[in-house]
Amino acid sequence: MELSNPALLKSGSLVNGEWLTNDHQFVVENPANGNIVASINEVSHEQVESGIEGASQALAHWQSLNVDERSAILMKWHRLILAAQNDLALIMVAEQGKPMTEAMGEVVYGAKYIQWYAEEARRINGDLMPVNQSGKRGLVLRRPVGVVSAITPWNFPSAMILRKASAALAAGCSFIVKPSELTPLSALALAQLSLDAGIPAGVFNVVVGTNAQAIGELLTTHPAIAKFSFTGSTPVGKKLLQQCASTVKKTSMELGGNAPYIAFEDCDLDVAIKGAMGSKFRNSGQTCVCANRLFVHRSIYSEFVSRLEKKVTELRVGDGHQAEVNIGPLIEQKAIDKVTELVDQAVGLGAKVICGGKQIDGPGNFYQPTIITGVTPDMDIFKTEIFGPVASIIPFDSEDEVIRLANQTEYGLCSYAFTEDMRRVWRLSEKLQFGMVGINEGVLSNPAAPFGGVKESGMGREGGRWGIDDYLETRYVCIGDV
Ligand code: ADP
């Protein structure tokens, strides 16, 4: 890989400001061609423990800095990440596969959280309140929770780390993250830039290894850790949540989704199609907020399907490094197998393939951008997060019916609706049981907004003033004898 700063390509964990090595290594593969991108040192149990202890020792100094000092260091990290945008995107495309334009966008998106929280650090205000006893005064402080551990997925190898770390560090916490073993290089590059920015040793640690279960156990049970933050699948999240119970850790869980997308009869079809393309096919459909079930009013159904088909057949599939490509590979063959099974089962039960519907032959994990119609609630594709470039379309007749169908899932992360009726917008905003509702918009997330889900999609919020609360505890101080 030709980087303008080759020092960003690392081969082992960063713990207490030191780059670690190990006799055991694992390889990172490029999902677009199966080539080996890098060989990485596995982190050992002892090294993770030492990272947690170091993060604990680093707290005192980090918290002793005043808010201007902490904010200035974070802003330097932000600037360095933006300056390295191209290198970071090249690394991301090589290990994750997404198109270069999306990778460039993710780097900026993640960096913006650092800027936002570097500013928000100035507004961690407390409260004073009158108490109902003479001679006493009450105040409330908001204090950093302490050491934060995190586990992040491969679909946004940079932004999922920065969304958590920026809020944690701004709050005065130290941080230790295990990125996905499929995409460790982006995380390690961010770690190098954290050192360059002057983030003190032990405040930002990255541990990389393939033994997710063992590392995860340490990060969810070690008594020095106060809080655990996870982004990943619901089954793994549930298990980690249970592990956190043993030491009563504060937790944030960004888990799976099964987003409904609803195009009403009164929608602006151009806006609706743009929203469907953005929310469904970004990152080849591998995001937890991807539209998973596209409900389209029966009166516009055939026009919607033919317009969507035109757009989908224009998509260029290939290696994300190529300029014209806008759909990359899926992360691994396992992901293709899952998509194949969901599509084949739906077709077996009566769904119809409008375009695509197959794995693409040759090297790399490519699946054709696909539309299937006639999907019904009894099919697995209706109930399961697809995580692939498959738009599954369901007709509906009335608002009440579609709200009921949309809510017919144990997930509650994101939902989308397209309509020009403002009264309907208000009803949908209240009745859709999801943490986020996009109205005439397919891409919602930004640093000022609270990202997160309800039901089995998780708890806690990332972004905005709500996001920093996850890294603060509320402390009541009572002063007597006044
Ligand atoms: P995805 O479907 O996005 O791969 P996962 O939940 O499998 O979601 O993975 C998200 C993150 O969780 C990755 O960093 C992965 O290594 C980690 N992980 C997976 N299984 C476990 C586990 N049993 N314990 C701890 N971490 C895990």
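Please read these numbers as outputs of a predicted model, since none were measured by experiment. (Residues numbered from 1 in each chain as written. Predicted model: local features only at pLDDT ≥ 70, side-chain atom pairs only at ≥ 80, totals over all residues. Heavy atoms only, no water.)

J.: Honestly, the environment of W19 in this entry has me stumped. Any pointers?
T.: Note on placement: W19 falls in strand β2 (residues 18-19). The class of W19 is partly exposed, set by a relative accessible area of 29%. Distance in space between the C-alpha atoms of W19 and E46 is 14 Å, their sequence separation being 27 residues. If near-sequence neighbours (up to four positions away) are discounted, W19 is found in contact with K10, G12, S13, L14, L188, A191, Q192 and L195. (Helix = DSSP H or I, 4+ residues; strand = E, 2+ residues; numbered from the N terminus. Buried < 20%, exposed > 50% of the residue type's maximum accessible area, 1.4 Å probe, protein only. Contact = heavy atoms within 4.5 Å.)

J.: Before we go on, may I ask you to explain the confidence of the model for the protein in this structure?
T.: Where the model shows low pLDDT, its predicted coordinates should not be examined in detail. Looking at the protein, pLDDT values average 98 and 100% of them are 70 or higher. Here the predicted complex scores 0.98 on pTM and 0.98 on ipTM. (pLDDT = per-residue confidence, 0-100.)

J.: Hey, could you run me through the packing of helix α3 (residues 85-96) against helix α4 (residues 100-120) in this one?
T.: The description of two helices packed together rests on the angle between their axes and the distance between the axes. Following both chains from N to C, one finds α3 and α4 inclined at 125°, their axes separated by 8 Å at the closest point. Of the possible angle classes, the one that applies to α3 and α4 is oblique. You can see that α3 and α4 cross each other, and the crossing is right-handed. Residues Q85, N86, L88, A89, L90, M92 and V93 of α3 form the contact with α4, whose participating residues are M100, A103, M104, E106, V107 and V108. Here the contact of α3 with α4 is composed, by residue class, of ten nonpolar, two polar and one charged. (Axes fitted to C-alpha atoms, helices over the stretch in contact; angles between N-to-C directions. Parallel < 35°, antiparallel > 145°, perpendicular 65-115°, else oblique. Left-handed = near helix turned anticlockwise from the far one by under 90°. Nonpolar A, V, L, I, M, F, W, Y, C, P; charged D, E, K, R; others polar.)

J.: How should I be thinking about the site of the ligand in this particular structure?
T.: Around the ligand, the surrounding shell holds 18 residues, and the nearest of these are T152, W154, K178, E181 and S233. The separation between an oxygen atom of the ligand and a polar side-chain atom of W154 is 2.9 Å. E181 is positioned with one of its side-chain polar atoms (N or O) 2.6 Å from an oxygen atom of the ligand. Alone, the ligand offers 550 Å² of accessible surface; in the complex the protein occludes 79% of this. (Near = heavy atom within 4 Å. Polar contact = N/O pair within 3.5 Å; in protein donor to acceptor, adjacent residues only side chain to side chain. Areas by Shrake-Rupley, 256 points an atom, 1.4 Å probe, with all protein chains shown as cover.)

J.: Would you take a moment to explain unusual backbone geometry for this structure?
T.: Most peptide bonds take the trans configuration, and most residues that are not glycine carry a negative phi. Positive phi outside glycine occurs at V248, with the angle close to 50°. Take V248: it is sitting in the loop between α8 (234-245) and β11 (250-254). Located in the positive-phi region is N440, a residue other than glycine, with phi close to 55°. Here N440 lies in the loop between β19 (436-439) and β20 (454-455). With relative accessibility at 27%, the residue N440 sits in the partly exposed group.

J.: Is there a simple way to explain the pattern of salt bridges in this structure?
T.: Between side chains of opposite charge, a pair can form as their charged atoms come close. One pass over the structure, following the stated rule, counts 18 salt bridges. The closest approach of N and O atoms between R123 and E120, which form a salt bridge, is 3.1 Å. Residue E120 is classed as buried on the basis of its relative accessible area of 8%. Salt-bridge contacts for K334 lead to E332; the nearest nitrogen and oxygen are separated by 3.9 Å. When its relative accessible area of 59% is taken as the criterion, K334 is described as exposed. On the basis of relative accessibility, which here comes to 26%, the residue E332 falls in the partly exposed class. One network of salt bridges, with partners in common, ties together E265, D266, E399, R424 and R427. (Salt bridge = Lys/Arg side-chain N within 4 Å of Asp/Glu carboxyl O.)

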